[in-house]
Amino acid sequence: MKKVYSFLLVAVVLIASCSSPATDVIPIPKEAAQVVNFNTASLSEKASLSDLFETKLFKKISSEIKDSSILQLFKDPASSGLNTDKNITYFNVFKNNANSIIIGAFIANKDQFEQVVATQIGTPIEGKEYKYATKSNYFVAWNDKVAIQGTAIDMDFTKLGQFDENGDPAALNLTNTISFLDTYFKASGKDLVNDSKHFKEALALGGDIQTYGNTTYAMAPYQMYIGMSKIGDLLKDNYSIGNLSFENGKIVSKTKAFLNDSLKKIFKKHFKNNVNIDPLTKFGGADVIAGFAIELSPSAIVDIIKEAGLDGLVNSYLQKDNLSLENISEAFGNTIFGGITEIISVPSKYYDFEKDAYVESTTSVKSEPVGAFGFEIRNKDYFKKVLNTLQAQGANTTDSLFASDDKLFVVATSSNLANQILTGSKGSLNEYAQKIKNTSGGFFIDFQKLFTQLDKTFVEENDKQGLAAFRKVLKGAYLISEFEGGEIVGHLQLDLMNANENSVKSLINLLDELGAINEANDEMLPPPPPPVEQQ
């Protein structure tokens, strides 16, 4: 199976060696559920082959490659016959019960490419206006311009759990793959994702990587269950796009979700970009390691359930406990929140067979977070009604770790923290927590605070070395989302310690240092015992 991927295993090397506009993309069938396009022009400016080859990871990989032809592809990607000046694109399609994962690139030298295929996979076979080669459950296909490689586009349920002579799943076969290839290589215009406005907008986002998703085709495997229901309609015609940019000192991703008319109407009604972050100010102020606050309107969930045609079913279940969907939506407020304030070291537990119980170890410890999560209460009377129902069903909501007043319900790792969130004074929020304010919600983490806490609990020297390596690179991260004019707009940012160094190089340096730590630890291990001779 390794040889099947030989010329595309060098994809990461190709990406680092290419330079082309983001719009230079191979044909993508309209049935693609997900697409990831690597803008090799910008990536090649930020990471060179020499940077990659100098890392201990790549040196180790190359030292373990015994096949000289594959090693040549790593050292000289252009020798594959693929065009190292144009983009590489991944997409997947659901057909005939199978999820086929496909990666493709443009061809620069067809004869050279076919020689690689013949050497690594097998003799090329003539198709309709294209050629292909197969090995086990995988295929490679190409015409004069484009080459794609992927898994079989077919699934035989009668062979689930079985494997062929190569150890690959026998349920996958190539029965319908040829039909897919016939269609793929003659598709154009409206038959391609490339022609859709959402994919064009994804490319227009720029950056180093662009993504596209289509729920209509992503839900294809489940059409037999939901296709004729309102749920199926609710999950159709939703699109997502995004990008990823490796900038100096940070990695940034921007996303957009385009909702169908039914969902758009519900979101416009209930989401106001006004998440309540006040509870987070009582966790410990600026010392909070990580946290989240999300605007999640119960009324919106009820409307989605109704739009899906499930309200009758849900209400009939709730009526057994004298509840209704309206009771639930009135009980809970619009914000869910949570956070971690500290990492502590506690004894590990192991099962003692003599005592028939778990007991604390006297020699081993583990790290555990101190934190809490909770939600707003909209109507305390309805909330008590829901709470009483849960208690009647055996749920423990009276423990000291649970706390509530008229506005909040909190579950914490300690009763002191739970009460602090309810009655404590407000503190200041760190720079990452502040990002969530005036949005529909988000998540944040301060890596430097996290590493400081973990350092107190780590015992093994190699763990401490790895932690020190991460501490030199990672600063913090946040993710926020907002509802804007019928679209859900997201922003993810990972900040690095060195604001003047490109983030790709920072990550390469981190991988190299981790590789060095791993190599040093491997050298410290005793050699394996000699094999025992058979008598």
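Residues numbered from 1 in each chain as written. Predicted model: local features only at pLDDT ≥ 70, side-chain atom pairs only at ≥ 80, totals over all residues. Heavy atoms only, no water.

A. The overall build of the protein, seen in detail. The secondary structure content of the protein amounts to 20 helices and 18 strands. The buried share among the 535 residues of the protein stands at 44%. Accessible area for the protein stands at about 27,700 Å²; split by element, carbon and sulfur atoms hold 53% of it. (Helix = DSSP H or I, 4+ residues; strand = E, 2+ residues; numbered from the N terminus. Buried < 20%, exposed > 50% of the residue type's maximum accessible area, 1.4 Å probe, protein only. Areas by Shrake-Rupley, 256 points an atom, 1.4 Å probe, with all protein chains shown as cover.)

B. Examining a nonpolar patch on the surface more closely. A cluster of nonpolar residues, Tyr222, Met224 and Tyr225, forms a patch on the protein surface that exposes about 430 Å² of accessible area. For methionine 224, a relative accessible area of 66% gives the class exposed. (Patch = residues over 30% accessible without salt bridge, like charges linked within 9 Å, V, L, I, M, F, W, Y side chains within 5 Å. Salt bridge = Lys/Arg side-chain N within 4 Å of Asp/Glu carboxyl O.)

C. Summary view of the pattern of salt bridges. Applying the stated criterion across every chain yields a total of 15 salt bridges. In this structure, glutamate 114 engages lysine 131 in a salt bridge whose closest nitrogen and oxygen atoms are separated by 3.2 Å. Of this pair, glutamate 114 sits in helix α6 (residues 110–120) while lysine 131 sits in strand β5 (residues 131–135), placing them 17 residues apart in sequence. You'll find glutamate 114 and lysine 131 in the same group, each marked buried. Here glutamate 201 ties to lysine 256 by a salt bridge, and the two come within 3.1 Å at their closest N and O atoms. Placement of the pair is glutamate 201 in helix α8 (residues 197–204) and lysine 256 in strand β10 (residues 250–258), with a sequence separation of 55 residues. Here lysine 256 falls in the partly exposed class, since its relative accessible area comes to 25%.

D. Fine view of the side chain of threonine 89. As for its placement among the helices and strands, threonine 89 is situated in strand β2 (residues 88–95). Filtering out sequence-adjacent residues up to four positions away, threonine 89 remains in contact with Val25, Ile26, Ile28, Val35, Val36, Asn37, Ile102, Ile103 and Gly104. (Contact = heavy atoms within 4.5 Å.)

E. Layout of helix α7 (residues 177–184). All of the buried residues in α7 are Thr177, Phe180, Leu181 and Tyr184. One side of α7 holds all its buried residues, which, seen down the axis, span an arc of 100 degrees. Of the surrounding secondary structure, the elements contacted by the buried residues of α7 are β2, β3 (98–106), β5, β6 (138–142) and β7 (146–151). (Arc of directions from axis to C-beta.)

F. Representation of the nonpolar core. In this structure, Phe91, Ile148 and Leu181 are the most contacted members of the largest nonpolar core, which totals 27 residues. Each residue touching phenylalanine 91, except ones within four places of it in the same chain, is listed here: Ile26, Pro27, Ile28, Pro29, Ala32, Gln34, Val35, Ser100, Ile101, Ile102 and Tyr184. Grouped together as the second largest cluster of nonpolar side chains are 24 residues, Ala412, Leu417, Ile421 and Tyr432 included. (Core = buried A, V, L, I, M, F, W, Y, C linked by side-chain atoms within 4.5 Å.)

G. Representation of the pairing of strand β17 (residues 474–484) in the model. In the sheet, strand β16 (residues 441–446) pairs with β17 via six bridges, with the strands oriented antiparallel. Along β17, the bridge assignment pairs aspartate 446 with glycine 476. Note: β17 against strand β18 (residues 487–496), ten bridges, orientation antiparallel. Bridge assignment links phenylalanine 483 to a residue of β18, and that residue is isoleucine 488. From the end of β17 to the start of β18, which pair antiparallel, there are two residues, and glycine 485 there has a positive phi angle of about 55 degrees. (Pairing = 2+ DSSP bridges.)

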